[in-house]
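As a plain string of letters, each chain reads:
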Amino acid sequence: MSLQPSKGQTVVGKREQHKGKQQQQQLKQQRQSMQLLPVIAMLLLLTQPLSVYANRLSDTKLHEVYLDDKEIKLSWMVDWYKQEVLFHLQNAFNEQHRWFYLGFSKRGGLADADICFFENQNGFFNVVTDTYTSPDGHWVRKDYQQDCEVFKMDEFTLAFKRKFDTCDPLDLRLHEGTMYVVWARGESELALEDHQFALPNVSAPHEAGLKMLQLLRADKILIPETDLEHIEITLEQAPVPKQETTYWCHVQRLDDIIKNRLHIVQFEPIIKTPGIIHHMEVFHCETDAHVEIPLYNGDCEQLPLEAKVCSKVMSLWAMGASTFTYPPEAGLPVGGPDFNPYVRLEVHFNNPELQAGLVDSSGFRIKVSKTLRQYDAGVMELGLEYTDKMAIPPGQTAFPLSGYCVADCTRAALPRTGIIIFGSQLHTHLRGVRILTRHFRGEQELREVNRDDYYSHHFQEIRTLHYKPRVLPGDALVTTCYYNTLADTNATLGGFSISDEMCVNYIHYYPATKLEVCKSSVSEETLEDYFIYMKRKEHQHGIHLNGARSANYRTIEWTKPHVDQLYTMYIQEPLSMQCNRSDGQRFEGHNWEGVPPTPVQIKMPIHRKLCPNYNPLWLKPLEKGECDLLGECIY
């Protein structure tokens, strides 16, 4: 039998081959069109905002901020597929300006900054140069690899793009944490043709600035429902005490709107005294619907006993945060026949200058929908317990403290299918410089829940997560905060005051569970043994074995070996776990004292396939756990 194709079959085969080539060519053209789409769409959206092209894409994909808070508008789109960002600037310069720069720095300074210079020649900003600054921030040097790719520039606007990671050791990698955008403009001549020139001075303060923002952020969320109602929960002319730290509580009864079950779909802060409000939270009173809670407006230390049940988080805000919107599949449940109508607003007043006569009415405006969504959402606290059992030695660049949500707690509290985390707010007080929450399943470490390597306590957004992890029963979550205490002469303790420290990740998730708090601290027994050891073996004679923990910590002489001993104790010794319901009670069936910590390895640098020879010149390597990837040593 012949296996050769017949003539007819050959013709058909050639037709199929030709058809296949046509399809391949069409697919190639489609791919090329798709690659151009983000650029075309952004230009259309920005240059013709009122045209037919300004559709829903602009509502969700396009982010914008005013660099000077009034005129210079920076818009950007994140192309996650191509791993690049498209930038557009409006009103950044006029015909008098000779140059404009936009760049990124590690923590807001001009040392080791990554800057794109745009130069005006013949009336147009048609020259762009990728530069970096010297370690002292005084000199600008032309980068050997040019990564500021311009695709639109005229006398009024400019548009350019940059990859997340250029594989250039002189560039800062764009990331999902806090980024510090520096900008300036001037009328002087530049010497960009030189290899190095002095960083130009600006003629007036309004000609330069710094903006903190999350550049690689998830798409904005639209609210699909139209049947929205508003609830306002605010203080009522609360007098701000003339003291550094005050937690002010306001108990309020909600309107009759909550007689029916609703979903919170968005909450917006109402800040009446900027600079004084450090953070605030709304708690629901978790008790029977008919129980009356006395109204109150005063210092939380005198909160009526009946209001102690008001502890289930409904909404929260901290400095730098803005409006938070829930994803369309979930909302925070409120109302219904079994819902108690009382809530407690807690506001942290930070008044370090002891100003007198201040009055505040800050709070929240909450949008609720009568149309219930697929999932009830919840809020959970991860991190460290608010206690002086934890301390940070003085003189440290980035000392780490970790709070654990151990596997036994998630196993006791989470549903079989787990939970989806869609939002996260990282929180410390004044010394926090870096926070991350790591995710473990058995011995395997999964992708991080959230991470901010350049954290600032001035910018504590509730961030919608681009990657939304699923946490299963038996998983562990470890939240680590790094603190800078170089300016301190004594130990800093955990606590509520602004001069104390916290380490918290408020996660927003669905479906809601009874688990409200999953936090830890070192166990009491471990701490007692530590102070005995330090007194008897390390000759720290100021320690009183039955004395206050805070006083004992502050009598220790914080030499390098003593700092090492403290760090080792915190990462190796047993924990006191707060695996708590919203009423403050721990989950039953376990002894939550003396729990072993989740073993966490210090992470070595990740070998990136895209950049095999990546070696940032000004960053120190991570060797034996001594320094992290930022070039900031742990201690």
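Residues numbered from 1 in each chain as written. Predicted model: local features only at pLDDT ≥ 70, side-chain atom pairs only at ≥ 80, totals over all residues. Heavy atoms only, no water.

You'll find the protein entered in an unreviewed UniProt entry as DOMON domain-containing protein, with Drosophila virilis given as the organism. Word for word, the UniProt comment on the protein under Subcellular location (unreviewed entry) is "Membrane". UniProt annotates the protein under Cofactor (unreviewed entry) with the comment "Cu(2+)". (UniProt positions renumbered as here; feature names shortened; annotations may be inferred.)

## As for the confidence of the model for the protein
Put simply, the protein has an average pLDDT of 84, and 85% of its residues get 70 or more. Mean pLDDT in the protein bottoms out at helix α1 (residues 7-47), which sits at 45, and peaks at strand β33 (residues 470-471), which reaches 98. Here residues 25-37 scores under 50 on pLDDT; set against residues more than four positions off or in separate chains, the count is 1 contact. For residues 615-635, every residue scores under 50 in pLDDT, and the model assigns this stretch 52 contacts once sequence neighbours within four places are set aside. (pLDDT = per-residue confidence, 0-100. Helix = DSSP H or I, 4+ residues; strand = E, 2+ residues; numbered from the N terminus. Contact = heavy atoms within 4.5 Å.)

## Observations regarding the sheet that holds strand β1 (residues 62-66)
Here 5 strands make up an open sheet; going across it, the order is β1-β2-β3-β9-β8 and the pairing antiparallel. Each having just a single partner strand, β1 and β8 (149-153) make up the two edges of the open sheet. If you compare each strand with its neighbour and ignore which way they point, the axes differ by 20 degrees on average. (Pairing = 2+ DSSP bridges. Axes fitted to C-alpha atoms, helices over the stretch in contact; angles between N-to-C directions.)

## Structural notes on the state of the cysteines
All told, the structure shown has 6 disulfides when counted by the stated rule. Residue pairing for Cys 249: its cysteine sulfur links by disulfide to Cys 300, the two sulfurs lying 2.0 Å apart. As the torsion about the S-S bond is roughly 100 degrees, the Cys 249-Cys 300 disulfide counts as right-handed. Linking Cys 249 in strand β15 (residues 245-253) with Cys 300 in the loop between β18 (296-299) and β19 (310-318), this pair joins segments that are 51 residues apart in sequence. When sorted by exposure, Cys 249 lands in the same class as Cys 300, which is buried. Across a sulfur-sulfur distance of 1.9 Å, Cys 285 and Cys 310 are joined as a disulfide pair. Taking the torsion about the S-S bond as the criterion, the Cys 285 to Cys 310 disulfide, at about 90 degrees, is right-handed. (Disulfide = S-S within 2.5 Å. Buried < 20%, exposed > 50% of the residue type's maximum accessible area, 1.4 Å probe, protein only.)

## Side note on helix α4 (residues 524-536)
With 13 residues, α4 extends 18 Å from end C-alpha to end C-alpha; this agrees with the ideal 18 Å at 1.5 Å per step. Within the span of α4, buried status applies to Thr 526, Leu 527, Tyr 530, Phe 531 and Met 534. Projection of α4 onto a plane perpendicular to its axis shows the buried side chains occupying an angular sector of 135 degrees, all on one side. Exposed residues pointing more than 90 degrees away from the buried face of α4 are listed as Glu 525 and Arg 536. Here the buried face of α4 lies against β37 (515-522), α5 (549-555) and α6 (560-572). (Expected span 1.5 Å × (residues − 1). Arc of directions from axis to C-beta.)

## Brief notes about the nonpolar core
Across soluble globular proteins, nonpolar side chains have a tendency to be buried as a group. With 56 residues, the main nonpolar core has Ile 233, Ile 264, Tyr 326, Leu 345, Phe 349, Phe 364 and Ile 366 as its most contacted residues. Structurally, this core is a two-domain feature, drawing no fewer than three residues from each of domain 2 (228-376) and domain 3 (378-523 + 579-591). The next biggest cluster of nonpolar side chains, apart from the first, holds 30 residues, and it includes Phe 87, Phe 118, Leu 158 and Leu 215. (Core = buried A, V, L, I, M, F, W, Y, C linked by side-chain atoms within 4.5 Å. Domains from an automatic or database assignment.)

## Describing the sheet that holds β15
In a beta sheet, neighbouring strands are held together by backbone hydrogen bonds and run either parallel or antiparallel to one another. As summarised here, the arrangement of the 5 strands in space is β18-β15-β22-β17-β19, forming an open sheet in which the pairing is antiparallel. Among the strands making up the open sheet, the edge pair consists of β18 and β19. Averaged over all adjacent pairs, the angle separating strand axes in this sheet is 20 degrees, with direction ignored. Here 7 bridges tie strand β17 (residues 277-285) to β19, and the two strands are oriented antiparallel to one another. Within β19, the position partnered with His 279 by the bridge is Ala 318.

## Details of the pairing of strand β36 (residues 504-510)
Note on strand geometry: in a regular strand, side chains alternate between the two faces of the sheet. Across the 7 residues that make up β36, a large majority, 7, are buried. Examined bridge by bridge, strand β26 (residues 378-384) and β36 share 6 bridges and lie antiparallel to one another. Counterpart to Val 379 in the pairing with β36 is His 508. In this structure, strand β29 (residues 419-427) lies alongside β36, joined through 7 bridges in antiparallel fashion.

## Considering the pattern of salt bridges
Per the counting criterion, the structure on display carries 32 salt bridges. The partner of Lys 370 in a salt bridge is Glu 229, with the nearest N and O atoms 3.6 Å apart. Of this pair, Lys 370 sits in the loop between β24 (363-369) and β25 (375-376) while Glu 229 sits in strand β13 (residues 228-234), placing them 141 residues apart in sequence. For Arg 549, the salt bridge goes to Asp 388, with nearest N and O atoms at 2.9 Å. Taken together, the positions of Arg 549 in helix α5 and Asp 388 in the loop between β26 and β27 (391-392) put the pair 161 residues apart, joining distant regions of the chain. (Salt bridge = Lys/Arg side-chain N within 4 Å of Asp/Glu carboxyl O.)

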